[in-house]
Amino acid sequence: MLSTVDLDLYINKANDWFEAKRQDEKTCYANASAAVLHLAMKCIIHVKPGGRYPDFFELRRELIDKYGKRGKSIQEVLQEVCPNYHLKCEKVDAIGAMEAVSERRPVAARFYLKGAQWDQFCQFYEENPRGILTRSYLDSKHHSTRKPGGHAVVLTSYDAESLRLMNSWGDDWADNGFFRVQNANVLPGLIFFDVSRSDDSL
């Protein structure tokens, strides 16, 4: 798993307009879910002549209308919504996530940070937009009034040095909306969800 695998180029080829979108309130789950669903439909399932699948914006609107703007488990969302589009969602470890990306499948991810860790996370990418975040930096001790919380993103590529993920804070954050971490152990509670073609779509 040390070779460079980059889904970003594949994403851009299939969707010239696709970039890191900005979430509305606590809707990171909707951004990440809509991104992997849309990319799965565009890159995995071939639409029959005359047919179409909803685009990112339609999917995001559908998810927010159904689950709201106050946050939702991305695992629950994907497991409930994927069958509607002949897709399936499977929880995988870091190796499984990288294997999925190497096979050009989009992978959603979720992690959970304490208040002080959120401070460090935001500070790091403000100062180092293209830097690689490490666990030692994230766990630097200091007092914080920020609340702990989870966040959903999309794994798009990896190489021998890092994992690259797409955030939902707009393309003016960090590296055009993307950020890098040294490995899957950097972000506490990081889990991955591989979205793929379901058996009934064959």
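Residues numbered from 1 in each chain as written. Predicted model: local features only at pLDDT ≥ 70, side-chain atom pairs only at ≥ 80, totals over all residues. Heavy atoms only, no water.

## Considering the overall build of the chain
Phase 1 of the analysis: When its secondary structure is counted, the chain shows 7 helices and 8 strands.
Phase 2 of the analysis: By residue count, 51% of the 202 residues in the chain fall in the buried class.
Phase 3 of the analysis: The contacts in the chain between residues at least 6 apart in sequence include a share of 72% that link residues at least 24 apart. (Helix = DSSP H or I, 4+ residues; strand = E, 2+ residues; numbered from the N terminus. Buried < 20%, exposed > 50% of the residue type's maximum accessible area, 1.4 Å probe, protein only. Contact = heavy atoms within 4.5 Å.)

## Observations concerning the layout of surface pockets
Phase 1 of the analysis: Taken as a whole, the largest pocket encloses approximately 530 Å³ of empty space.
Phase 2 of the analysis: Looking at the largest pocket, it is lined by 21 residues, and the ones nearest its centre are Lys-26, Cys-28, Gly-149, Gly-150 and His-151.
Phase 3 of the analysis: Residue assignment for the lining of the largest pocket shows that the elements contributing at least two residues are α2 (28-43), α6 (115-127) and β5 (149-158).
Phase 4 of the analysis: Its residues placed into classes, the lining of the largest pocket shows 8 nonpolar, 6 polar and 7 charged. (1 Å grid on protein atoms, 1.4 Å probe; cavity = no way out; pocket = protein on both sides within 12 Å on 5 of 7 lines; lining within 4 Å. Points joined across faces, edges and corners; volume = space filled by probe spheres on them. Nonpolar A, V, L, I, M, F, W, Y, C, P; charged D, E, K, R; others polar.)

## Some points on the pairing of strand β7 (residues 178-181)
Phase 1 of the analysis: Residues Phe-178 and Arg-180 of β7 are buried on one face, and the alternating residues Phe-179 and Val-181, pointing to the opposite face, are buried as well.
Phase 2 of the analysis: In this sheet, β7 lies alongside strand β4 (residues 132-133) in parallel orientation, the contact comprising 2 bridges. Paired with Leu-133 across the strands is Val-181, a residue of β7.
Phase 3 of the analysis: Where strand β6 (residues 163-166) meets β7, 4 bridges bridge the pair, whose relative direction is antiparallel. The partner of Met-166 across the bridge, within β7, is Phe-178. (Pairing = 2+ DSSP bridges.)

## Things to note about the environment of Asn-183
Phase 1 of the analysis: Mapped onto the secondary structure, Asn-183 falls in the loop between β7 and β8 (191-197).
Phase 2 of the analysis: Considering only alpha carbons, one finds Asn-183 and Ala-94, 89 residues apart in sequence, at a separation of 8.7 Å.
Phase 3 of the analysis: At a separation of 2.9 Å, a polar atom in the side chain of Asn-183 contacts the main-chain amide nitrogen of Asn-185. (Polar contact = N/O pair within 3.5 Å; in protein donor to acceptor, adjacent residues only side chain to side chain.)

## What to know about the side chain of Ser-33
Phase 1 of the analysis: Counting through the fold element by element, Ser-33 comes out in helix α2.
Phase 2 of the analysis: Residue Ser-33 is classed as buried on the basis of its relative accessible area, which comes to 0%.
Phase 3 of the analysis: For Ser-33, the side chain forms a polar contact with the main-chain oxygen of Tyr-29, separated by 2.7 Å.
Phase 4 of the analysis: Among residues more than four places away in sequence, those in contact with Ser-33 are Leu-63, Ile-74, Val-77 and Leu-78.

## Re the pattern of salt bridges
Phase 1 of the analysis: Under the counting rule described, the total for this entry stands at 10 salt bridges.
Phase 2 of the analysis: Between Lys-72 and Glu-76 there is a salt bridge, with its nearest N and O atoms 3.2 Å apart.
Phase 3 of the analysis: Given the relative accessible area of 35%, Lys-72 is considered partly exposed.
Phase 4 of the analysis: According to the relative accessible area criterion, Glu-76 is partly exposed, its value standing at 43%.
Phase 5 of the analysis: Notably, a salt bridge pairs Arg-180 with Glu-161, separated by 3.7 Å at the nearest N-O pair. In this pair, Arg-180 is assigned in strand β7 and Glu-161 in the loop between β5 and β6, connecting sequence segments 19 residues apart.
Phase 6 of the analysis: We classify Glu-161 as exposed; its relative accessible area is 53%.
Phase 7 of the analysis: Salt bridges linked by common partners bring Glu-103, Arg-105 and Asp-194 together as one network. (Salt bridge = Lys/Arg side-chain N within 4 Å of Asp/Glu carboxyl O.)

## Looking at helix α4 (residues 74-81)
Phase 1 of the analysis: Taken residue by residue, α4 has Ile-74, Val-77, Leu-78 and Val-81 as its buried positions. One side of α4 carries all its buried residues, which in axial view fall inside an arc of 90°. (Arc of directions from axis to C-beta.)

## Things to note about the nonpolar core
Phase 1 of the analysis: The biggest cluster of nonpolar side chains holds 31 residues, and the ones touching the most others in it are Tyr-29, Leu-37, Leu-63, Ile-74, Leu-78 and Leu-87.
Phase 2 of the analysis: For this core, the secondary-structure elements that each account for two or more residues are α2, α3 (56-67), α4, β2 (87-92), β5 and β8.
Phase 3 of the analysis: Considering each element in turn, this core owes the most residues, 10 residues, to α2.
Phase 4 of the analysis: Counting 28 residues, the second largest nonpolar core, distinct from the first, contains Leu-113, Trp-118, Leu-133 and Leu-155. (Core = buried A, V, L, I, M, F, W, Y, C linked by side-chain atoms within 4.5 Å.)

It is worth stressing that arrangement in space is one thing and function is another; only the former is reported here.
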